[in-house]
Amino acid sequence: MAFPERPTLTLRGCRIYQKALSREEQVRMLEALRRVITSAPFFSPTTRFGKQMSVKMTSAGKYGWYSDARGYRYEEKHPCGQPWPPIPEEVLNIWHGATGLDRTPDCCLINLYRDTAKMGMHQDRDEADFTWPVLSISLGDAGLFRIGNEDRGGKTESIWLESGDVLVMGGPARLLHHGIDRIRPGSSTLLPKGGRINLTCRVVD
Ligand code: MD6
Ligand code: FE
């Protein structure tokens, strides 16, 4: 797949490629993800404060992102004890196309949002080197993405991320706070049971 040369939109330094994946590419990516999810089922992480997150998660790659009472971290194994499955080629192709990097990501975190799930404002800062970008791919229902500042608080801006949109958070945008306020249930027919899947690929080491 030839990745678009230019983003359709830039928001606070985040490059957004709207509809970068065709419907056929989205369907193929979802099929690849089904295989990942079969060997690494979704689970509900809890925060450091013991609260269950509304988003279900799993991962592919050398590391998976994990959270429990001991805090946020990367783990080499799914909570069931097995290593995470490899990152699907369909995802790696988007990573290389959008970032232009030869280096392969160590982790593809898979987030599942059903109807009322959301994700609070956060920074992605569990990785060793912030010069590597984070790439996100959205599939299924639209999600309202809010982006703020390096420091907590201050003015924010929001954009609806739709199925097939790709976002790259790199350079000066790498440590901006961001979150998902809500999804718009029923806005896509891609996932048979509805909801939104977001993939984020990261270099961890
Ligand atoms: C989401 N995304 O879209 C949550 N993180 O469901 C993220 O947390 C995210 O979109 C880092 C870079 C891009 C992202
Ligand atoms: Fe994030």
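So, a few notes on the structure that sits alongside this text. (Residues numbered from 1 in each chain as written. Chains lettered and ligands numbered in written order. Predicted model: local features only at pLDDT ≥ 70, side-chain atom pairs only at ≥ 80, totals over all residues. Heavy atoms only, no water.)

Where strand E1 (residues 9–11) meets strand E2 (residues 14–17), 3 bridges bridge the pair, whose relative direction is antiparallel. Within the sheet, the bridge partner assigned to leucine 11 lies in E2 and is cysteine 14. Strand direction decides the pairing type here: E2 and strand E11 (residues 166–169), joined by 3 bridges, are antiparallel. Residue pairing across strands places arginine 15 opposite valine 168, the latter belonging to E11. (Pairing = 2+ DSSP bridges. Helix = DSSP H or I, 4+ residues; strand = E, 2+ residues; numbered from the N terminus.)

Take the side chain of serine 163 next. Tracing the chain through its elements places serine 163 in the loop between strand E10 (157–161) and E11. Judged by its relative accessible area of 9%, serine 163 is buried. Those residues within four positions of serine 163 in sequence are excluded, and the remaining contacts are Lys19, Gln26, Ser138, Leu139, Gly140, Ser188 and Leu190. (Buried < 20%, exposed > 50% of the residue type's maximum accessible area, 1.4 Å probe, protein only. Contact = heavy atoms within 4.5 Å.)

Turning our eyes to something else, we now look at the coordination of the iron ion (ligand 2). The protein atoms that coordinate the iron ion (ligand 2) are His122 (NE2), Asp124 (OD) and His178 (NE2), at distances spanning 2.1 to 2.2 Å. Judged by relative accessible area, which is 22%, histidine 122 ranks as partly exposed. (Donors = N, O, S within 2.8 Å, 3.2 Å for Na, K, Ca; no water.)

Of all residues adjacent to ligand 1, which total 13 residues, the nearest are Tyr113, His122, His178, Arg196 and Asn198. Within the side chain of arginine 196, a nitrogen or oxygen atom sits 2.8 Å from an oxygen atom of ligand 1. For ligand 1, whose unbound accessible area comes to 340 Å², protein coverage reaches 99%. Residue assignment for the shell around ligand 1 shows that the elements contributing at least two residues are strand E8 (134–140), E11, strand E12 (178–184) and strand E13 (196–202). With 3 residues, E13 is the largest single contributor of residues to the shell around ligand 1. Residue composition of the shell around ligand 1, by class: 6 nonpolar, 5 polar and 2 charged. (Near = heavy atom within 4 Å. Polar contact = N/O pair within 3.5 Å; in protein donor to acceptor, adjacent residues only side chain to side chain. Areas by Shrake-Rupley, 256 points an atom, 1.4 Å probe, with all protein chains shown as cover. Nonpolar A, V, L, I, M, F, W, Y, C, P; charged D, E, K, R; others polar.)

Turning to helix H2 (residues 89–99), its buried residues are Val91, Leu92, Ile94, Trp95, Ala98 and Thr99. Down the axis of H2, the sector holding all buried residues measures 160°, keeping them to one side. In this structure, the buried side of H2 is in contact with E2, helix H1 (23–39), strand E6 (107–113), E8, E11 and E13. Positioned one or two residues after H2, glycine 100 has a phi angle of 70°, which is positive. (Arc of directions from axis to C-beta.)

The next subject is the packing of aromatic side chains. According to the stated counting rule, one finds 5 aromatic pairs in the structure shown. With a centroid separation of 4.8 Å and 65° between ring planes, the pair formed by phenylalanine 3 and tyrosine 17 is classed as edge-to-face. Note that phenylalanine 3 is positioned in the segment before E1 and tyrosine 17 in strand E2, a separation of 14 residues in sequence. Considered together, phenylalanine 3 and tyrosine 17 belong to a single accessibility category, that of buried residues. Grouping aromatic residues by their ring pairs yields a cluster made of Phe43, Tyr66 and Trp84. Positioned above the aromatic ring of tryptophan 132, the side-chain terminus of arginine 103 is 5.6 Å from the ring centre. We note arginine 184 situated over the ring of tryptophan 160; from NZ or CZ to the ring centre the distance is 4.2 Å. (Phe/Tyr/Trp six-rings, centres within 6.5 Å; stacked < 30°, edge-to-face > 60°. Lys NZ or Arg CZ within 6 Å of the ring centre and 35° of its normal.)

The biggest cluster of nonpolar side chains holds 29 residues, and the ones touching the most others in it are Met29, Leu135, Ile137, Val166, Ile197 and Leu199. Elements supplying a minimum of two residues to this core: H1, H2, E6, E8, E11 and E13. Within the second largest apolar cluster, 25 residues are counted, among which are Leu11, Ile16, Ile147 and Ile159. (Core = buried A, V, L, I, M, F, W, Y, C linked by side-chain atoms within 4.5 Å.)

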